[in-house]
Amino acid sequence: MVDATASFDGNRVAANEISARPVRADQDRWTATASDDTGVADYVQFCASALFAPAQSASWVSNWAAATGADMVVATLSYDGRPALSLALEVVRRGPFKVARFAGGRHANGNFATADPRLLPAIDNPAIRAMFKAIARTRPDIDLISLERLLPDLDGVANPLAALPGFPSPNLALAVDLDGGFDALLSRASGKRKRKKHRSQTRKFEAVGAFRRIEARTREEVDRLLDAFFEMKEARFAKMGIANVFGDRQVRDFFRALFADALAEEKPPFLLHGLDVAGKLRAVTGSSRSGKRLICEFGAIAEDDLSFTSPGDFLFFDNIQQACELGFDVYDFSVGDEPYKRLWCDIEVQHFEVLAPLTLKGRALATGLRQGARAKAFIKNNPTIWKLTKMLRRKAAGQPAPAPAEDDN
């Protein structure tokens, strides 16, 4: 297993402009500002020439704000009036606390604040703290800034938030190195068994009717694939005994807008794929492009008469094969350590988290969240305890039998 602080390619144009002689910034020339929803427009403009991860893109942030009506705050660190680093955060209530987090909450993974890569080497802990102080001045009601699932680096550029005290995220992210193409990958990952299974699945699908892999290229196809995905996830989460994070109408509206808007791009930054067998969608994946990296943001399968054929596994086989053909360097399964991912993956990415209390209440919450993260990591890293936890959740939901694990993303 490769230990990856593996780089995520973000905005290639910006990354290629990194100066061989980084700016050595005079601390007196830094300024930090924060604004409410009106700052989103400036954030979108900054993204046009900045480096960012998919969940910090202009499209993600603006669509999330529009679909959910999120209470947004945007903080920007500038050097001589030129934006260097920007955080677009939504403010949510957590019991008696108010928390500022990345737009999208649990849906935002592999996070990296939008940045000018030429100025990043000069950004240090005091500069970032100045951003947090600007947020506190503008929004004194915020108790805590919670930045979760942060990438160690993006496109080979170290995450500036790593300068702050942090701790490992409870969940690993898994990915597969596509070096050498699909044949080379299969030679490293039980290729004979995978090809044999893929042929067997093909015959089973053909026995039922025509089948095809779909990429959504119209708004109607986006709606069809997402409708199927939301239905699959609702059934899946009910079986697992956990809350459906895709259940809220506003969240569903966000994803519809995100994937539909992406169709206007020459290389859509967000993609939907589906496996249609006999006129019914049996598996769906939603992905994002990040330079030479294709990231599976989510996936699901239909639990019906064909679920025994592992349609999700079949779709991943085709998705990964196409990623190789298109020249991607890495296929990223994103956050979550699941057996179906381990069948492919040879890269582990350890995300990290930063908690910045702004009030005394925020300090108390931060302490609880750190302890909770340690507990989650302990449970998930102990196979026996994790298996027992999932079994108890299923029993509580009235589903004692274990469900297939291939769509736990």
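Rules used throughout
- Residues numbered from 1 in each chain as written.
- Predicted model: local features only at pLDDT ≥ 70, side-chain atom pairs only at ≥ 80, totals over all residues.
- Heavy atoms only, no water.
- Salt bridge = Lys/Arg side-chain N within 4 Å of Asp/Glu carboxyl O.
- Helix = DSSP H or I, 4+ residues; strand = E, 2+ residues; numbered from the N terminus.
- Buried < 20%, exposed > 50% of the residue type's maximum accessible area, 1.4 Å probe, protein only.
- Polar contact = N/O pair within 3.5 Å; in protein donor to acceptor, adjacent residues only side chain to side chain.
- Patch = residues over 30% accessible without salt bridge, like charges linked within 9 Å, V, L, I, M, F, W, Y side chains within 5 Å.
- Areas by Shrake-Rupley, 256 points an atom, 1.4 Å probe, with all protein chains shown as cover.
- Lys, Arg positive; Asp, Glu negative; His and termini not counted.
- Charge placed at Lys NZ, Arg CZ, Asp CG, Glu CD.
- Expected span 1.5 Å × (residues − 1).
- Pairing = 2+ DSSP bridges.
- Core = buried A, V, L, I, M, F, W, Y, C linked by side-chain atoms within 4.5 Å.
- Contact = heavy atoms within 4.5 Å.
- pLDDT = per-residue confidence, 0-100.

**What about the pattern of salt bridges?**
This structure, assessed with the given rule, holds 26 salt bridges. One salt bridge connects glutamate 90 with arginine 101, and the closest N-O pair in it is separated by 3.1 Å. Here the residue glutamate 90 occupies a position in strand S4 (residues 82-94), and arginine 101 occupies one in strand S5 (residues 97-102), the gap between them amounting to eleven residues. Given the relative accessible area of 4%, glutamate 90 is considered buried. Its relative accessible area of 27% is what places arginine 101 among the partly exposed residues. Linked by salt bridges that have partners in common, Asp71, Lys98, Arg139 and Asp141 make up one network.

**Re the side chain of asparagine 319**
Take asparagine 319: it is sitting in helix H9 (residues 311-325). Within the structure, asparagine 319 has its side chain in polar contact with the side chain of arginine 213 (distance 2.9 Å).

**Details of unusual backbone geometry**
At aspartate 80, a residue that is not glycine, the phi angle is positive and equals roughly 55°. Within the secondary structure layout, aspartate 80 lies in the loop between strand S3 (71-79) and S4. Of the residues examined, aspartate 80 reaches a relative accessible area of 46% and is grouped as partly exposed. The backbone of serine 190 sits at a positive phi, close to 50°, despite the residue not being glycine. Counting through the fold element by element, serine 190 comes out in the loop between helix H5 (182-188) and helix H6 (191-208). We classify serine 190 as partly exposed; its relative accessible area is 40%.

**Quick word on a positive patch on the surface**
A cluster of basic residues, Arg94, Arg106, Lys376 and Lys380, forms a positive patch at the surface. Structurally, the position occupied by arginine 94 is in strand S4.

**Quick notes on helix H7 (residues 219-240)**
A rise of 1.5 Å per residue sets the reference length of H7, with its 22 residues, at 32 Å; its end C-alpha atoms lie 31 Å apart and thus fit the reference within 8%. If you check which residues of H7 are buried, you get Val222, Leu225, Leu226, Ala228, Phe229, Phe230, Met232, Lys233, Arg236, Phe237 and Met240. The first or second residue beyond H7 is glycine 241, which carries a positive phi of 75°.

**Concerning the pairing of strand S2 (residues 30-35)**
Only one face of S2 is buried: it carries Trp30, Ala32 and Ala34, and the other face, with Thr31, Thr33 and Ser35, is open. Pairing geometry for S2 and S3, over six bridges, is antiparallel. Bridging from a neighbouring strand, serine 35 pairs with valine 74 of S3.

**Quick word on the nonpolar core**
Soluble, globular proteins show a tendency: their nonpolar side chains are buried together. Ranked by internal contacts, the top residues of the largest apolar core, which has 83 residues, are Leu85, Leu89, Ile123, Phe132, Leu147, Phe255 and Phe259. For this core, the element with the highest residue contribution is H7, accounting for nine residues. Setting aside residues no more than four positions away along its own chain, leucine 89 makes contact with Asp71, Met72, Val73, Ala100, Arg101, Phe102, Ile135, Ile145 and Leu147.

**Some thoughts on the environment of serine 288**
For serine 288, the location among the structural elements is in strand S14 (residues 280-290). On the accessibility criterion, serine 288 (0% relative accessible area) is buried. As a C-alpha pair, serine 288 and leucine 272 span 16 residues in sequence and 8.9 Å in three-dimensional space. Those residues in contact with serine 288 that sit more than four places away from it in its chain are Pro54, Pro269, Phe270, Arg293, Leu294, Ile295 and Glu297. Among the polar contacts made by the side chain of serine 288, one reaches the side chain of glutamate 297 at a distance of 2.6 Å.

**Description of helix H8 (residues 249-262)**
Here H8 spans 20 Å end to end across 14 residues, near enough to the 20 Å set by a 1.5 Å rise per residue. In terms of burial, H8 is a largely internal element, ten of the 14 residues being buried. For H8, the full list of buried residues reads Val251, Arg252, Phe254, Phe255, Arg256, Ala257, Leu258, Phe259, Ala260 and Ala262. Where the residues of H8 are buried, they touch helix H3 (58-68), H7, strand S13 (270-277), S14 and strand S15 (293-301). Where H8 starts, the residue carrying a side-chain oxygen 2.8 Å from the main-chain nitrogen of glutamine 250 turns out to be aspartate 248.

**As for the confidence of the model for the protein chain**
This prediction gives the protein chain a mean pLDDT of 88; 88% of its residues lie at or above 70. pLDDT under 50 marks residues 1-23. Its contacts with residues more than four places away, or in other chains, come to 68 contacts. Here residues 401-409 is modelled with pLDDT under 50, and outside its nearest four sequence neighbours on either side it reaches 39 contacts, counting other chains as well.

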